[in-house]
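Coordinates in review
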Amino acid sequence: AKSLGRNNFQFFTASMNDEAIRFFNLENRLRAALDQGELVLHYQPLVDLRQRAVVGMEALVRWNDPEQGMIAPGEFIPVAEETGLILPLGEWVLREAMRQNRVWQEQGYPLLPISVNLSPRQFRQRGLVETIRAILAETGQPARLLELEITEGALMQEVGETLSKLEELAAMGVRLTIDDFGTGYSSLSYLKRFPVHKLKVDQSFTRDLCEDREDAAIAAAIIGLAHSLELDILAEGVETAEQLSMLMGYGCHKFQGYYFSRPLAPSQTDTLFHPSSIL
Ligand code: C2E
Ligand code: CA
Ligand code: CA
Ligand code: CA
């Protein structure tokens with residue numbers, strides 16, 4: 001038993017080293033990628049079926065690595081968050097999304113708000129509000145065309161600071177969304193006090209909506225809660241007409257998902273501004 005313990009211990013430290021090395025390499029490659037302009041944003045339309053219209057886009061970052069091709073954010077955002085690289089990366093995302101929206105406006109596309117994900121560390125960063133104000137001024141974008149998506153976890157840490165930050169952003173005119181709603185912990189009393197505008201039903205509830213009664217019950221409850229608190233509500237991860245009709249039955253009319261469009265490069269304006277499934 002003793003030698004087994006020792007072997008386990010050695011195995012453990014060896015794998016920790018590998019993990020640390022992998023992490024360190026990824027951090028350095030990511031830092032270089034940011035400097036060399038290898039990050040790109042793709043956009044996914046948000047649709048309102050009552051209006052039969054695209055009512056916004058979510059900006060989603062990708063890493064276009066010359067060797068590995070497109071790398072999904074799930075592979076590098078956690079590393080960026082842990083190393084602090086998320087701060088310059090997140091600022092780049094904000095600036096790039098506002099710059100792209102300006103380009104679309106100059107090309108004559110309709111005015112749409114762009115949703116940008118804020119990581120917990122980015123949200124807690126001092127100077128965030130000033131950075132956002134500067135980026136909006138620089139790109140000539142009104143605050144109402146920026147929507148920030150923040151998770152419950154980020155909002156429920158240090159609620160005093162959260163409240164004053166959200167109030168400053170809301171006073172500027174920035175729209176605030178709670179992302180992945182239902183997967184973290186939300187205090188319902190804070191939900192009422194925070195000046196948030198929208199909840200996004202997490203895609204984990206949408207996924208098995210038609211087979212799993214519990215997921216269906218949770219989705220219905222979240223949609224009901226949003227209506228009671230007079231918050232906007234959108235369901236993400238919609239892939240099928242069956243999911244869509246169940247969610248509409250619960251009173252949700254705004255959606256995002258592969259059923260309408262995958263996230264696309266900004267040049268794919270035909271689909272981004274006119275997904276065929278809503279025409
Ligand atoms: P999220 O904010 O919940 O974004 C939605 C994710 O669901 C995206 O994955 C999107 O491609 C995917 N998705 C959209 N519709 C469907 C669908 O119908 N079915 C399925 N199965 N998936 C769908 P993506 O682009 O891989 O992003 C994953 C996560 O990475 C995001 O989840 C967000 O948490 C994070 N992320 C992406 N971009 C950024 C960013 O610029 N900053 C930060 N901090 N996080 C980001
Ligand atoms: Ca999001
Ligand atoms: Ca989400
Ligand atoms: Ca998610």
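As a reminder, the structure under discussion sits directly above these lines.
In short, a report on the structure. Quick caveat: nothing in here was measured; it's all calculated off a predicted structure. (Residues numbered from 1 in each chain as written. Chains lettered and ligands numbered in written order. Predicted model: local features only at pLDDT ≥ 70, side-chain atom pairs only at ≥ 80, totals over all residues. Heavy atoms only, no water.)

1. Some details on the side chain of Gln 141
Counting through the fold element by element, Gln 141 comes out in the loop between helix 5 (128-139) and strand 5 (146-151). A polar contact is formed between the side chain of Gln 141 and the side chain of Gln 105, at a distance of 2.7 Å. Sequence-distant contacts of Gln 141, that is, excluding residues within four places in its chain, are made with Met 98, Asn 101, Arg 102, Gln 105 and Leu 136. (Helix = DSSP H or I, 4+ residues; strand = E, 2+ residues; numbered from the N terminus. Polar contact = N/O pair within 3.5 Å; in protein donor to acceptor, adjacent residues only side chain to side chain. Contact = heavy atoms within 4.5 Å.)

2. Here we look at the coordination of the calcium ion (ligand 2)
Those protein atoms acting as donors to the calcium ion (ligand 2) are Glu 58 (OE), Asn 117 (OD1), Glu 149 (OE) and Asp 179 (OD), and they sit at 2.1 to 2.4 Å. Within one chain, the residues donating to the calcium ion (ligand 2) are spaced in sequence as E-x58-N-x31-E-x29-D. Between the calcium ion (ligand 2) and the calcium ion (ligand 3), the interatomic distance is 3.7 Å, and Asp 179 donates to each metal, bridging them. Within this pair, whereas Glu 58 is found in strand 2 (residues 53-65), its partner Asn 117 is found in strand 4 (residues 114-117), the two being separated by 59 residues in sequence. According to the relative accessible area criterion, Glu 58 is buried, its value standing at 4%. (Donors = N, O, S within 2.8 Å, 3.2 Å for Na, K, Ca; no water. Buried < 20%, exposed > 50% of the residue type's maximum accessible area, 1.4 Å probe, protein only.)

3. Some points on empty space enclosed by the protein
The gaps of empty space that remain are located by a probe, the size of a water molecule, rolled over the atoms. Per the counting criterion, the structure on display carries 2 cavities of 30 Å³ or more. Along its surface, the largest cavity is lined by Phe 123, Arg 124, Ala 154, Gln 157, Glu 158, Glu 161, Thr 162 and Lys 165. Mapped by element, the contributors of at least two residues to the lining of the largest cavity are helix 4 (120-124) and helix 7 (159-172). The class makeup of the residues in the lining of the largest cavity is 2 nonpolar, 2 polar and 4 charged. By volume, the second largest cavity amounts to about 40 Å³. Every residue along the wall of the second largest cavity is listed here: Leu 87, Glu 91, Leu 94, Gln 122, Gln 125, Leu 128 and Thr 131. Elements represented by at least two residues in the lining of the second largest cavity include exactly helix 3 (86-106) and helix 5. With 3 residues, the single largest contributor to the lining of the second largest cavity is helix 3. (1 Å grid on protein atoms, 1.4 Å probe; cavity = no way out; pocket = protein on both sides within 12 Å on 5 of 7 lines; lining within 4 Å. Points joined across faces, edges and corners; volume = space filled by probe spheres on them. Nonpolar A, V, L, I, M, F, W, Y, C, P; charged D, E, K, R; others polar.)

Scope: geometric values only; no functional claims are made or implied.
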